Amino acid sequence: MTTTTRERGRPRSFDADAALDRAVEVFWRQGYEGTSLTDLTAAMGINRPSMYAAYGNKDELFRRAVARYAEIDMAYARDALARPTGYEVIERFLRANADALTRTDRPAGCLSIQGGLAAGSDDGHVAQFLAASRLAGENALAERLERAVADGDLPAGTDAAGLARYVMVVSEGNAVHAAAGVDRAGLNAVIDIALRAVPRQS
């Protein structure tokens, strides 16, 4: 998508999606509170009036950045939900998540965790927004695991909601450790242990 704006009466065009991708990376590396408007405009290659015209204020830009992150960087989650069995859903999600957390071309960790770790003057609304975003993903996983129980590929009586929360706790914990420098092999070692707790039909 290309957006045309005006700077001192002269037309200026820029790739709005590419600029948003650069904003994603800034928020990811520095968090919402640690990111200034100057940081954003410098990374995005636009001035403040152009940013406001194309994306709204900092809060609105952050929400759009998170949506872009979910669409692009977390596409693996949608792929995982399409796997044929509950166990495969969980394993694919956790393995692909470990890959995503340790990509060399992206910041380590996860935007939905890193973005709201620091508390500041926003009354916690960014952290609440990110928590709601993660909960939506958890609920989608729980619904898929409920279907797995109904289909018989997870044992009858499996607590689908509890299992989904367990999976998210593992992935979020791995995100924190990846940001602290734990490598992909280290994350996968945790996943190996975590998968032993996933119930399977005998």
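First, a word on scope: everything that follows refers to the structure included in this document. (Residues numbered from 1 in each chain as written. Predicted model: local features only at pLDDT ≥ 70, side-chain atom pairs only at ≥ 80, totals over all residues. Heavy atoms only, no water.)

1. Here's the deal with the overall build of the protein
Point 1. Looking only at helices and strands, one finds ten helices and two strands in the protein.
Point 2. Ordered by position from the N terminus, the helices and strands of the protein form the series β-β-α-α-α-α-α-α-α-α-α-α.
Point 3. Counting all 202 residues of the protein, 43% fall into the buried class.
Point 4. Put simply, 64% of the contacts in the protein that link residues at least 6 apart link residues at least 24 apart.
Point 5. In the form shown here, the protein has an accessible surface area of approximately 10,300 Å², with 51% of it arising from carbon and sulfur atoms. (Helix = DSSP H or I, 4+ residues; strand = E, 2+ residues; numbered from the N terminus. Buried < 20%, exposed > 50% of the residue type's maximum accessible area, 1.4 Å probe, protein only. Contact = heavy atoms within 4.5 Å. Areas by Shrake-Rupley, 256 points an atom, 1.4 Å probe, with all protein chains shown as cover.)

2. Observations regarding empty space enclosed by the protein
Point 1. Applying the stated rule across the entire model yields one cavity of 30 Å³ or more.
Point 2. Lining the largest cavity, in full, are Tyr 69, Asp 73, Tyr 76, Asn 97, Ala 100, Leu 101, Gly 109 and Cys 110.
Point 3. Broken down by element, the residue count for the lining of the largest cavity peaks at three residues, all from helix H6 (residues 86-101).
Point 4. Residues that form the lining of the largest cavity fall into these classes: five nonpolar, two polar and one charged. (1 Å grid on protein atoms, 1.4 Å probe; cavity = no way out; pocket = protein on both sides within 12 Å on 5 of 7 lines; lining within 4 Å. Points joined across faces, edges and corners; volume = space filled by probe spheres on them. Nonpolar A, V, L, I, M, F, W, Y, C, P; charged D, E, K, R; others polar.)

3. As for the nonpolar core
Point 1. Counting 58 residues, the largest nonpolar core has Leu 40, Tyr 55, Leu 61 and Phe 62 as the members making the most contacts within it.
Point 2. The contacts of Tyr 55, once residues within four sequence positions are left out, are Phe 14, Ala 16, Ala 19, Leu 20, Met 44, Ile 46, Glu 60, Leu 61 and Arg 64. (Core = buried A, V, L, I, M, F, W, Y, C linked by side-chain atoms within 4.5 Å.)

4. Some points on helix H10 (residues 184-195)
Point 1. For H10, spanning twelve residues, the distance from its first C-alpha to its last is 16 Å, which sits close to the expected 16 Å at 1.5 Å a residue.
Point 2. Taken together, the buried positions of H10 are occupied by Leu 187, Asn 188, Ile 191, Ala 194 and Leu 195. Buried residues of H10, seen end-on, are gathered within an arc of 110° and therefore sit on one face of the element. Those residues of H10 that are exposed and aimed more than 90 degrees away from the buried face are Ala 185 and Ile 193.
Point 3. On its buried face, H10 sits against H6 and helix H9 (160-179). (Expected span 1.5 Å × (residues − 1). Arc of directions from axis to C-beta.)

5. Considerations on the environment of Tyr 55
Point 1. Mapping Tyr 55 onto the fold places it in helix H3 (residues 48-55).
Point 2. Residues Tyr 55 and Ala 65 lie ten residues apart in sequence; the distance between their C-alpha atoms is 9.7 Å.
Point 3. For Tyr 55, the side chain forms a polar contact with the main-chain oxygen of Ala 16, separated by 2.8 Å. (Polar contact = N/O pair within 3.5 Å; in protein donor to acceptor, adjacent residues only side chain to side chain.)

6. Side note on the layout of surface pockets
Point 1. Within this model, the largest pocket holds a volume of roughly 470 Å³.
Point 2. Lining the largest pocket we find 25 residues, and of these Met 74, Ala 77, Ser 133, Gly 137 and Met 168 sit closest to its centre.
Point 3. Classifying every residue of the lining of the largest pocket by side-chain character gives 17 nonpolar, five polar and three charged.

7. Here's the deal with the pattern of salt bridges
Point 1. Applying the stated criterion to the full structure yields 14 salt bridges.
Point 2. Across the pair Arg 63 and Asp 59 runs a salt bridge whose closest N-O atoms are separated by 3.1 Å. Taken together, the residues Arg 63 and Asp 59, both in helix H4 (residues 58-72) and four residues apart, mark about one turn of the helix.
Point 3. Among the ionic pairs, Asp 79 bridges to Arg 83, the shortest N-O distance being 3.1 Å. (Salt bridge = Lys/Arg side-chain N within 4 Å of Asp/Glu carboxyl O.)

8. A word on the packing of helix H1 (residues 16-34) against helix H2 (residues 37-44)
Point 1. Relative orientation of the contacting elements H1 and H2 amounts to 155°, with a least axis distance of 9 Å. Taken as axis vectors, H1 and H2 run roughly antiparallel relative to one another. The interaxial crossing formed by H1 with H2 has right-handed handedness. Two secondary-structure elements touch here, H1 through Ala 19, Arg 22, Ala 23, Val 26, Phe 27, Gln 30 and Gly 34 and H2 through Asp 39, Leu 40, Ala 43 and Met 44.
Point 2. Residue classes in the contact of H1 with H2 are distributed as seven nonpolar, two polar and two charged. (Axes fitted to C-alpha atoms, helices over the stretch in contact; angles between N-to-C directions. Parallel < 35°, antiparallel > 145°, perpendicular 65-115°, else oblique. Left-handed = near helix turned anticlockwise from the far one by under 90°.)

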